[in-house]
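Coordinate inspection notes
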Amino acid sequence: MAHADLISPVTITDPQPLVIAGREFRSRLMVGTGKYASNAQMVEAIEASGAEVVTVAVRRVDLDRAKDEGILHHLDPEHFFLLANTAGCYSAGDAVRYARLSRAAGFNEWVKLEVIGDQETLLPDTQGLLEATETLVSEGFKVLAYTNEDLVTALKLEDAGAAAVMPLASPIGSGLGMLNPYAIRIIKQRLTVPVIVDAGVGTASDACIVMEQGVDGILMNTGIAAAKDPVRMAAAMKAAVEAGRNAYLAGRMPRREIAVPSSPTMGMLGS
Amino acid sequence: MTQGSVVTETIAGEVVIIVNGDERRLPAGSTVADLLASLKLDPRTVVVERNRTILRDRSSLAMLELATDDSFEIVHFVGGG
């Protein structure tokens, strides 16, 4: 082909890979492993998402196990970075206990810290969250703190030594998308540590808009797992996160309230 | 057979422990490793907490004897966000 060079796609790479606590990650999309119809579907969706960081929960082994055999039988810890969460914990003490158990599994000293304050909204108990962050940081944990979109709490979490702050786009599992872009932007602008938006992304456009705010990444679970076709949605989310990141880096055009023609106004035919 | 305190319900030669909220009985002298084996669990894929203390050193599990009234939590990673 004579002009193959002209039609071959241009490779645009992210000039700054995601770095948290000194560790570089290959994707800005992090995914959860809950709510899938099967482990096979989960693995396929995670592969399609391109995510490196995958979250897992710590729970009792079912001693009468009919089928439950633990997620490590399906996810290769060599290939993925396992990020244990403290989901379901309603006090700082419980969250610290779960974090210590997850570290004892022996993979890493990272934790996605959740201290939930309300069962209906799953909104965080920010006081308990700060307390647990301080404790875990003092024990050498890398704490990624799930919080609401409140700037002051985000600043306090950073001061307490959080490795990343994870404000919600909207409540966990709600799929409502980003409700307060202003708050997310201001958190990103004011914090030095990475800001990873966690929770609330319902579809690819939500993910894209979140990334367009300039945040460092997104963590999602239900948005992929609860789609009719989770594997296809995972691929859509991957593309959306990359598109949103590129759009942010590219810098969008200014909004105008009147039209500006794209084609020349000169050279029109005579009437 | 070991000397020591005897709980009323305890049958001689057994230890009665709580594992993940349920009572279990094992032969006296059993270790934490024996407990995991009786539950068909691979020590490398679970984390064991005994009386709220995590047993970090997996190689020591075969040396830790169970005692009546011990409370164990045996956990692992499951799917979650």
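Within every chain, residues take consecutive numbers counted from 1 along the sequence as written. Chain labels run from A onward and ligand labels from 1 onward, assigned in the order the entries are written. Per-residue local features are limited, in this predicted model, to residues with pLDDT of at least 70; the limit for side-chain atom pairs, both in listing and counting, is 80 or more; totals at the level of whole chains, interfaces and linings are taken over all residues. Values shown for side chains rest on all heavy atoms present in the structure; no hydrogens or waters enter the calculation.

Structural notes on the overall build of chain B
Note the following rule: Per the convention used, a helix needs a DSSP run of H or I reaching at least four residues, while a strand needs a run of E reaching at least two, with both numbered from the N terminus. Partly exposed describes any residue whose relative accessible area lies between the buried limit of under 20% and the exposed limit of over 50%, with all areas from a 1.4 Å probe on protein chains only and scaled to the type maximum. In this analysis, two residues are considered to be in contact whenever any of their non-hydrogen atoms come within 4.5 Å of each other.
Across its full length, chain B holds one helix and five strands. Going from the N terminus to the C terminus, chain B shows its helices and strands as β-β-α-β-β-β. Evaluated residue by residue, chain B yields a buried proportion of 41% over its 81 residues. Restricting to contacts in chain B with at least 6 residues of sequence separation, those with at least 24 account for 49%.

Observations regarding the pattern of salt bridges
Condition: The salt bridge criterion pairs a side-chain nitrogen of Lys or Arg with a carboxyl oxygen of Asp or Glu, the two atoms within 4 Å.
Per the counting criterion, the structure on display carries 18 salt bridges over all chains. Taken together, the shared-partner salt bridges in this structure form one network comprising A:Asp14, A:Arg28 and A:Arg245.

Observations concerning the packing of aromatic side chains
Geometrically, a pair of aromatic rings is defined through the distance of the ring centres and the angle of the planes. For clarity, the cut-off: Pairing of aromatic rings covers Phe, Tyr and the six-membered ring of Trp, with a centre-to-centre limit of 6.5 Å; geometry is then stacked below 30 degrees between planes, edge-to-face above 60, and tilted otherwise. Ring-over charges, as used throughout, are those where CZ of Arg or NZ of Lys falls within 6 Å of the ring centre and within 35 degrees of the ring normal.
The full count for this structure, using the stated rule, is four aromatic pairs over all chains. Ring centres 5.7 Å apart and planes at 85° place the aromatic pair A:Phe25 and A:Trp110 in the edge-to-face group. Of this pair, A:Phe25 sits in strand β2 (residues 23-25) while A:Trp110 sits in strand β6 (residues 110-113), and the two are 85 residues apart along the sequence. Ring centres 6.2 Å apart and planes at 35° place the aromatic pair A:Phe107 and B:Phe77 in the tilted group. Highlighted residues: A:Phe107 in the loop between α3 (92-104) and β6 and B:Phe77 in strand β5 (residues 71-79), drawn from two different chains. Taken together, A:Phe25, A:Phe81 and A:Trp110 form an aromatic cluster joined through their ring pairs. A cation over a ring is seen here: A:Arg103 above A:Phe141, with NZ or CZ 3.9 Å from the ring centre.

Considering the side chain of A:Ser49
Relative to the helices and strands, A:Ser49 is located in helix α2 (residues 39-49). Excluding residues within four positions of it along the chain, A:Ser49 makes contact with A:Leu29, A:Val31, A:Ala234 and A:Lys238.

Quick notes on the interface of chain B and chain A
For an interface, size is often stated in terms of accessible area lost upon the parts coming together. As a reminder of what qualifies: The term buried area refers to how much accessible surface (probe radius 1.4 Å) is lost by two components on association, counted for both of them together. Polar contacts, as counted here, are pairs of nitrogen or oxygen atoms within 3.5 Å of one another; within protein the pair requires one atom able to donate a hydrogen and one able to accept it, and residues that are adjacent in sequence qualify only if both atoms are side-chain atoms. When residue character is reported, Ala, Val, Leu, Ile, Met, Phe, Trp, Tyr, Cys and Pro are called nonpolar, Asp, Glu, Lys and Arg charged, and the others, Gly included, polar. Following DSSP output, two strands are said to pair if at least two bridges run between them.
The interface is formed by 22 residues belonging to chain B together with 32 residues belonging to chain A. Here chain B and chain A share an interface that buries about 2,400 Å² over both sides, 58% of which is from carbon and sulfur atoms. It is B:His76, B:Phe77 and B:Gly81 in chain B that bury the most area against chain A; as a group they hold 32% of the surface buried on that side. Taken together, chain B and chain A are joined by three salt bridges. Where B:Glu73 meets A:Arg60, a salt bridge forms, and the shortest distance between an N and an O atom there is 2.7 Å. Linking chain B with chain A are 11 residue pairs in polar contact (both at pLDDT 80 or more), by the criterion used here. If you tally residues by element for the side of chain B that touches chain A, the top one is β5(B), at seven residues. Here the side of chain B that touches chain A is built from residues that sort into 10 nonpolar, six polar and six charged. Where strand β4 (residues 53-60) of chain A and β5(B) come together, five bridges link them in antiparallel fashion.

Quick word on the packing of α3(A) against helix α4 (residues 126-138) of chain A
All names here are of chain A. Note the cut-off: Think of each axis as a best-fit line through the C-alpha atoms, taken over the contacting stretch in the case of a helix, with angles from 0 to 180 degrees between the N-to-C directions. In this scheme the handedness of a crossing depends on how the near helix is turned from the far one: anticlockwise by less than a right angle means left-handed, clockwise means right-handed.
For the pair α3 and α4, the least separation of the axes is 8 Å and the interaxial angle reads 40°. The crossing of α3 and α4 is right-handed. For the pair α3 and α4, the contacting residues are Ala92, Val96, Ala99 and Arg100 in the first and Gly128, Glu131, Ala132, Thr135 and Leu136 in the second. Classifying every residue of the contact of α3 with α4 by side-chain character gives five nonpolar, two polar and two charged.

What about the side chain of A:Asp216?
All names here are of chain A. Relative to the assigned elements, aspartate 216 resides in the loop between α7 (204-212) and β10 (217-220). Within the structure, aspartate 216 has its side chain in polar contact with the side chain of lysine 188 (distance 2.8 Å). Here valine 195 takes part through its backbone nitrogen, which lies 2.8 Å from a polar atom of the side chain of aspartate 216. Those residues within four positions of aspartate 216 in sequence are excluded, and the remaining contacts are Leu18, Arg28, Lys188, Pro194, Val195, Ile196 and Met211.

Considering the pairing of β6(A)
All names here are of chain A. Selection rule: A clockwise course of the path from the first strand over the helix to the second, judged with the strands pointing away from the viewer, identifies a crossover as right-handed.
On β6, burial covers both faces: Trp110 and Lys112 on one face and Val111 and Leu113 on the other are all buried. Handedness of the β-α-β unit built from strand β5 (residues 81-85), α3 and β6 comes out right-handed. Two elements, β6 and strand β7 (residues 142-147), share four bridges in a ladder whose sense is parallel. By the bridge assignment for β7, valine 111 is matched with valine 143. In terms of handedness, the path from β6 via α4 over to β7 forms a crossover that is right-handed.

Overview of the pairing of strand β2 (residues 22-27) of chain B
Residues and elements named next belong to chain B. Pairing geometry for strand β1 (residues 14-19) and β2, over six bridges, is antiparallel. The partner of isoleucine 18 across the bridge, within β2, is glutamate 23. Following β1, the chain reverses through two residues before pairing antiparallel with β2; asparagine 20 in that reversal takes a positive phi of roughly 50°.

Remarks on unusual backbone geometry
Residues and elements named next belong to chain A. The backbone of alanine 199 shows a phi angle near 90°, a positive value even though the residue is not glycine. Its location among the elements puts alanine 199 in the loop between β9 (196-198) and α7. Assessed through its relative accessible area of 9%, alanine 199 is described here as buried.

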